[in-house]
Protein chains: 2
Amino acid sequence: MATQRILDFLATRRPAGPCLVVDLDVVSDNFHAFERALPSSKIYYAVKANPAPEILRLLAGLGSSFDTASVAEIEMAMDAGAPAERISFGNTIKKERDIARAFELGVRLFAVDCVEEVEKVSRAAPGAQVFCRVLTDGEGAEWPLSRKFGCVPAMAIDVLRHAHALGLDAYGVSFHVGSQQTDLSAWDKALGDAKAVFATLAEEGIVLRMVNMGGGFPTRYLKDVPTAQAYGEAIFGALSRHFGNRLPETIIEPGRGMVGNAGVIKSEVVLISRKADNDNVRWVYLDIGKFGGLAETMDEAIRYPIVTPHDGGEVAPCVLAGPTCDSADVMYEKTPYPLPLSLTIGDEVLIEGTGAYTTTYSAVAFNGFEPLRSYVI
Amino acid sequence: MATQRILDFLATRRPAGPCLVVDLDVVSDNFHAFERALPSSKIYYAVKANPAPEILRLLAGLGSSFDTASVAEIEMAMDAGAPAERISFGNTIKKERDIARAFELGVRLFAVDCVEEVEKVSRAAPGAQVFCRVLTDGEGAEWPLSRKFGCVPAMAIDVLRHAHALGLDAYGVSFHVGSQQTDLSAWDKALGDAKAVFATLAEEGIVLRMVNMGGGFPTRYLKDVPTAQAYGEAIFGALSRHFGNRLPETIIEPGRGMVGNAGVIKSEVVLISRKADNDNVRWVYLDIGKFGGLAETMDEAIRYPIVTPHDGGEVAPCVLAGPTCDSADVMYEKTPYPLPLSLTIGDEVLIEGTGAYTTTYSAVAFNGFEPLRSYVI
């Protein structure tokens, strides 16, 4: 997944220290693949995945809309050229003053998952469109999805009814099937729940019009994942099954699926050692770890492909750890990572599929180490 | 643990957004308590716990030495007034060019835990003092201690012998009993291992002189912890038991124990909701979470005391979560946190015991949220 452009950049520029390099051509290809796969859905890029200004400018230019988590992200999207009507304030947890600020900036689309949040929106953004997030079980997803966002469908009906009563535009329902979701049927159950909310409220004269199908589109790490086309077909099939020929407007919010495979982290092997003479695993320490950008290795959730200068030779299992004095800064230990026996201190390795959820997760200065540098080319 | 000075600062300055406030008087008291508890040990403050310049300047002035994890931390300690001879490069995972840079700055004390690292030090810092870290099991510690640092005692003998052969000063042994260690006997086993390494090498004419007893000294969170005095007595007892009247020089490296109880985070309740009408826990969302500085709530390891304006009233269990759109940003869920029933959106809460391992763990800008601000008073 390291494109020739990325390899050339690293070879010519030779940046010191660990860094992420993102290839905009790949982002552009991904955007078009989503457009082709779900031609009737609007694409809201999940800014949190990677808010690099170059990425936001590219996507704004391609006509993308933006899913944002904070006022700062709204401002970044607008700075990149996105008009306010293409921005969704998709965080269900918002301070009332932040809702007011977003409204002032022109944003008219807000996520909610409880009546308390509806009340904030009705006061700070009168008349705005709201969609209510419904809980899904997240089965089949590789990055854990807790119950943090959303409410049960029965409660979503109350939430949207309350929004309608307070003069808001009860616009629709959202869900998220879980990040790095590779089970194509995951969308089916969630769309069934969404349809039930639509139907109940329609009986009361409240006509929802939109389903926000969230993200969850995967990046290829070590295992193959279905294509955007396969996702598109499965989702469109489920939509038709539940909504018949009265299809709602739909939104998708790819983050990882848009930028994950566009980025590669260059890192250096700092140390290779064993803990005892008879140790059957080597400990390989890189100059980047859990606190330097690889936070998604938490609980060994995301397993990145790693390219070394010795690939093809004999491999043996390694514990992979970061450079800090924190004992929790270990990436892969429960399931050791096979790396070449000839790997050496000082070798450069490429950690692929790291375009999403790396730079902004990076700690400010833990152990005095700089945050992950990023080059977008 | 919020001192009057901290409360006064918050009341008069009313800083916006979440922030950490650290009271230097408490740091100073902690330093003196360690001095009194272990009068014959040198105190090396673990800079990574909180590298705020005001804290480093205070401790440098009080005569503290410094345990550092990177060249940046070495430079911070020197900028604060610490001479190079009071600085230990305590990270066992170092790039050779960083060892060289430290040596150039005057640092002469380095941690190692394998022959590979010894070789780097011998090339980049000829003649320097090295101590070898020995593995302990970390039992009784609240923050998980993996096998990331150290080697088995048998291997430590080889490592120090190799250092001696390469012209380095084989100075001693280090260990770490695990962070937030409340079992006073934990030091005994480790000191026994250290003594065995001393004895074996002495037979070969290699005379070690120092035991670095690491950190592990706790902060009081929700449960009482032994006093510095109690730690001192237990450790001195174990030292005498193993080394008799030929006590080695000793070093301690308090981090959490030096600054943990000196800091308080002020946060705001952003949302309180339920996921279903019959939900028996409330979800309480704060404006700070796992990615904004409370990383040590990972696996619910550290449980901070939380002060609310409604303390004393009836409480009920809550899931406590952060403000980001990341489903992993949940602090306490497996063991819900009891909070007052009258807690309200917009309330300010104080998260106590947060002086250590918070600001620098904070993500650069995840979800567009600023890193944790810090005021040292």
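Residues numbered from 1 in each chain as written. Chains lettered and ligands numbered in written order. Predicted model: local features only at pLDDT ≥ 70, side-chain atom pairs only at ≥ 80, totals over all residues. Heavy atoms only, no water.

- As annotated in an unreviewed UniProt entry, chain A carries the name ornithine decarboxylase and comes from Neoaquamicrobium sediminum.
- The Cofactor (unreviewed entry) field of the UniProt record for chain A holds the comment "pyridoxal 5'-phosphate".
- The record in UniProt for chain A states the following under Sequence similarities (unreviewed entry): "Belongs to the Orn/Lys/Arg decarboxylase class-II family." (UniProt positions renumbered as here; feature names shortened; annotations may be inferred.)

**Remarks on the pattern of salt bridges**
Here is step 1 of the chain: For the structure shown, the criterion picks out 46 salt bridges over all chains.
Here is step 2 of the chain: For A:Lys148, the salt bridge is made with B:Asp329, and the minimal N-O distance between the two is 3.6 Å. Linking A:Lys148 in the loop between β6 (129-133) and α7 (153-165) with B:Asp329 in the loop between β13 (315-321) and β14 (330-340), this pair reaches from one chain into another.
Here is step 3 of the chain: For A:Lys148, a relative accessible area of 0% corresponds to the buried category.
Here is step 4 of the chain: Put simply, B:Arg5 and B:Asp23 hold a salt bridge, and the shortest N to O gap is 2.5 Å. Here B:Asp23 lies in the loop between β1 (19-22) and α2 (24-37) and B:Arg5 lies in helix α1 (residues 4-13), a separation of 18 residues in the sequence.
Here is step 5 of the chain: Take B:Arg5: its relative accessible area is 35%, and that puts it in the partly exposed class. (Salt bridge = Lys/Arg side-chain N within 4 Å of Asp/Glu carboxyl O. Helix = DSSP H or I, 4+ residues; strand = E, 2+ residues; numbered from the N terminus. Buried < 20%, exposed > 50% of the residue type's maximum accessible area, 1.4 Å probe, protein only.)

**Some details on the relation of the copies chain B and chain A**
Here two copies of a chain appear, and what relates them is a rotation about an axis with a shift along it.
Here is step 1 of the chain: With an axial shift of 0.0 Å and an RMSD of 0.0 Å, the rotation relating chain B to chain A amounts to 180 degrees. The two molecules are tied by a two-fold rotation axis, judged by turn and shift. Of every C-alpha in chain B, the one belonging to B:Ala363 sits nearest the axis of rotation, 2.1 Å from it.
Here is step 2 of the chain: Both copies contact each other with a shared surface, as 100% of the interface residues of chain B are interface residues in chain A too. (Least-squares fit on C-alpha atoms with pLDDT ≥ 70 in both. Contact = heavy atoms within 4.5 Å.)

**Things to note about unusual backbone geometry**
With glycine set apart, most residues show a phi of negative sign, and most peptide bonds adopt trans.
Residue and element names in this part refer to chain B.
Here is step 1 of the chain: Positive phi outside glycine occurs at Asp 299, with the angle close to 55 degrees.
Here is step 2 of the chain: Here Asp 299 lies in the loop between β11 (282-286) and β12 (306-307).
Here is step 3 of the chain: Here Tyr 357, not a glycine, exhibits a phi torsion of approximately 55 degrees, which is positive.
Here is step 4 of the chain: A relative accessible area of 9% means that Tyr 357 is categorised as buried.

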